Amino acid sequence: MVLWVLLAFIGVPLIEIALFIQVGDFIGLWPTIAIVIATAMAGTALIRQQGLNTLMRAQQEMDAQRLPMRELFDGVCLLFAGAMLLTPGFLTDFVGFVLLVPPSRWLLGNYFWRILQNSKGVHFDMSGQRQTYDHDQRGPVVDAEAVEIKGDSEKKPPKLL
């Protein structure tokens, strides 16, 4: 994992420098700088719009007593997209704009969902509810209370809730 982070911190700036040189050579310095500034401004506006829409959808999900998993994931993607779009460069702008496209977030979300479902000791049912299992894999852990009934067996048991 540390190796991947190190490669990203070294590789991404090198790729960005190479792309700046290539694009600057092709269209010139000032148009290249203008493109970088324009993508940052356009990305900021798009993130604001999509962020507000995601926030409204999350509020609707919570009002309906549902956990807004998709909206939370979209929010994280939009946060990452914003960081990428504000970072000067063509590769980071590309990644940022890809994360702004809802179908790409959907594909990425499904990929991470499958990884999460396949992780050991965690199971998600169809409603998205997380169930943890004990280490013996005997089944879900159930929290319950016991009531001891004393006296004659003829008496009716007390009503619980």
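Look a little higher up for the structure.
These remarks concern the structure in this document. Residue numbers here run from 1 along each chain, matching the order of that chain's written sequence. Totals for whole chains, interfaces and linings use all residues, but because this is a predicted model, local features are given only for residues with pLDDT of at least 70 and pairs of side-chain atoms are given and counted only at 80 or more. Side-chain measures here rest on the full set of heavy atoms in the structure, leaving out hydrogens and waters.

**Overview of the environment of Phe112**
What counts as a helix is a DSSP run of H or I of at least four residues, what counts as a strand is a run of E of at least two, and both are numbered from the N terminus. Following the sequence through the fold, Phe112 ends up in helix α5 (residues 102-117). A C-alpha to C-alpha distance of 9.8 Å links Phe112 and Phe73, two positions 39 residues apart in sequence.

**Section: α5**
Expected span of a helix, by definition, is 1.5 Å for each gap between consecutive residues, and there is one gap fewer than residues. For α5, spanning 16 residues, the distance from its first C-alpha to its last is 22 Å, which sits close to the expected 22 Å at 1.5 Å a residue. For α5, the complete set of buried residues consists of Ser104, Arg105 and Gly109. On an axial view of α5, the arc spanned by its buried residues comes to 130°, and they lie on one face. Exposed side chains of α5 directed beyond 90 degrees from the buried face belong to Pro103 and Leu107. Looking at the packing, one finds that the buried side of α5 touches α2 (29-63), α3 (69-86) and α4 (90-100). Working definition: with a 1.4 Å probe on protein chains only, accessible area under 20% of the residue-type maximum means buried, over 50% means exposed, and in between means partly exposed. An arc is given here, and it is the one of the directions from the helix axis to the C-beta atoms. Two residues form a contact once any of their heavy atoms are found within 4.5 Å.

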